[in-house]
Amino acid sequence: MRNLFGENIPAPAPDNDDRKAKGEKRDRQPDPNGLRKVGCDRTKGAYFARRVKSELNLEETLPWHFEKGAAYHCFSFGDVDSLTYLRAIVKQQPVEYCLISTWCMAITDVKEVEKWLERGYIKRVDWYVGEIFQATYADVYLYLLGVCRRHGGRVCVFRNHSKVMAGFGRDFDFVIESSANVNTNPRSENSVITVDTGLARFYKETIFDDIQAFNRDFKTWKPYKLKRDETV
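Every value quoted in this text rests on a predicted model; they were computed, and no experiment measured them.

Along its length, the protein chain carries seven helices and seven strands. Expressed as a percentage of the 232 residues in the protein chain, the buried residues total 43%. Considering only contacts within the protein chain whose residues lie at least 6 apart along the sequence, 78% involve residues at least 24 apart. Carbon and sulfur atoms form 52% of the exposed surface of the protein chain, whose accessible area is close to 14400 Å².

Structure (structure tokens):
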């Protein structure tokens, strides 16, 4: 092994057997904690606790199964995070494609969606963020680039202040329109979940698929084609 601390390394102290051989007296007392085993405790930060509370609060209000053609209007008082609405949908069905538009977000939000991608809950995500995102949230932007390179999709930077999530799932398609960014905040926010294929296609195909990005990280990106639209 390489010596990382220079050449002047003190010689190791003789062990007990060497000391016995030399007739030295053992003056070290037995360690009263020598038989104890390593301990480990699992903790979760305040962010995780808030997410759990957010999810529980929403479950008390929203139905477990969404009805096609219905719209669910929600007004929160800082007790529900924006991403929790998407989580409520992911818990009901696998999602083939989803777009997420927000002015800003935290790295914990990206990691949450990344976990869904890794587990196959969502197959593909395109991200749309505000023009300040690259500079102000540089660490999040760089992490998000890595997520897209591993799982597909793009990060599109433009003059954006919209908060929209639209997706296509196994059982139903949806749109989440909200006043909230994709992050944790204590403010009151209004959100609407609409279970409607036409509205989901409107946001994907008419609006976001045609957005021209300021950043040049995804020059070969092409709009995602849904499986249902593929022809043999």
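There is more to say after this.
Throughout the structure, instances matching the rule amount to 11 aromatic pairs. Measuring from ring centre to ring centre gives 5.3 Å for Tyr97 and Tyr224, while their planes differ by 5°; the resulting arrangement is stacked. Placement of Tyr97 in strand S2 (residues 95-101) and of Tyr224 in the segment after helix H7 (197-207) is noted, with a sequence separation of 127 residues between them. Of the two residues, Tyr97 and Tyr224, both sit in the buried class. Connected via pairs of aromatic rings, a cluster forms that spans Tyr128, Phe158, Phe202, Tyr203 and Phe208.

This part is about the packing of helix H4 (residues 107-119) against helix H6 (residues 138-151). Here H4 crosses H6 at 10°, and the two axes come no closer than 10 Å. Relative to H6, the element H4 is oriented roughly parallel. Of H6, the residues touching H4 (which contributes Ile107, Val110, Lys111, Glu114, Leu117 and Glu118) are Asp139, Val140, Tyr143, Leu144, Val147, Arg150 and His151.

Here H6 contains 14 residues, and its C-alpha end-to-end distance of 20 Å stays within 8% of the 20 Å for a straight helix at 1.5 Å per residue. Within H6, burial applies to Val140, Tyr141, Leu144, Leu145, Gly146, Val147 and Cys148. Packed against the buried residues of H6 are H4, strand S3 (122-129), helix H5 (133-136) and strand S4 (155-157). Gly152 lies just past H6 and shows a positive phi near 85°.

Further remarks concern the environment of Thr102. Positionally, Thr102 belongs in the loop between S2 and H4. The exposure class assigned to Thr102 is buried, which follows from its relative accessible area of 0%. Between the C-alpha atom of Thr102 and that of Val182, which follows or precedes it by 80 residues, the distance is 6.0 Å. Apart from the residues within four sequence positions on either side, Thr102 is in contact with Tyr128, Val129, Gly130, Asn160, Ser162, Asn181 and Val182.

Parameters and conventions
- Residue numbers here run from 1 along each chain, matching the order of that chain's written sequence.
- For this predicted model, a pLDDT threshold of at least 70 governs which residues receive local features, and a threshold of 80 or more governs which side-chain atom pairs are given and counted, while totals over whole chains, interfaces and linings are taken from all residues.
- The side-chain quantities take in all heavy atoms of the structure and omit both hydrogens and water.
- Helix and strand assignments follow DSSP, with helices taken as H or I runs no shorter than four residues and strands as E runs no shorter than two, numbered in order from the N terminus.
- The buried label applies to any residue whose accessible area, calculated with a 1.4 Å probe on protein chains only, is under 20% of its type's maximum; exposed applies above 50%, and partly exposed to all values in between.
- Note on contacts: a residue pair qualifies if any of its non-hydrogen atoms lie within 4.5 Å across the two residues.
- Working definition of accessibility: Shrake-Rupley area with a 1.4 Å probe, residue cover restricted to the visible protein chains.
- Two rings belonging to Phe, Tyr or Trp (six-membered ring only in the last case) form a pair when the distance between their centres is within 6.5 Å. Interplanar angles under 30 degrees mark stacking, angles over 60 mark edge-to-face geometry, and anything in between is tilted.
- Interaxial angles span 0 to 180 degrees and are taken between N-to-C directions of axes, which are lines fitted to C-alpha atoms, for helices over the stretch in contact.
- Oblique is the label for any angle not covered by the other classes, which are roughly parallel (under 35 degrees), roughly antiparallel (over 145) and roughly perpendicular (65 to 115).
- To estimate how far a helix should extend, the number of its residues minus one is multiplied by 1.5 Å.

So far we have only geometry, and geometry alone does not tell us how the molecule works.
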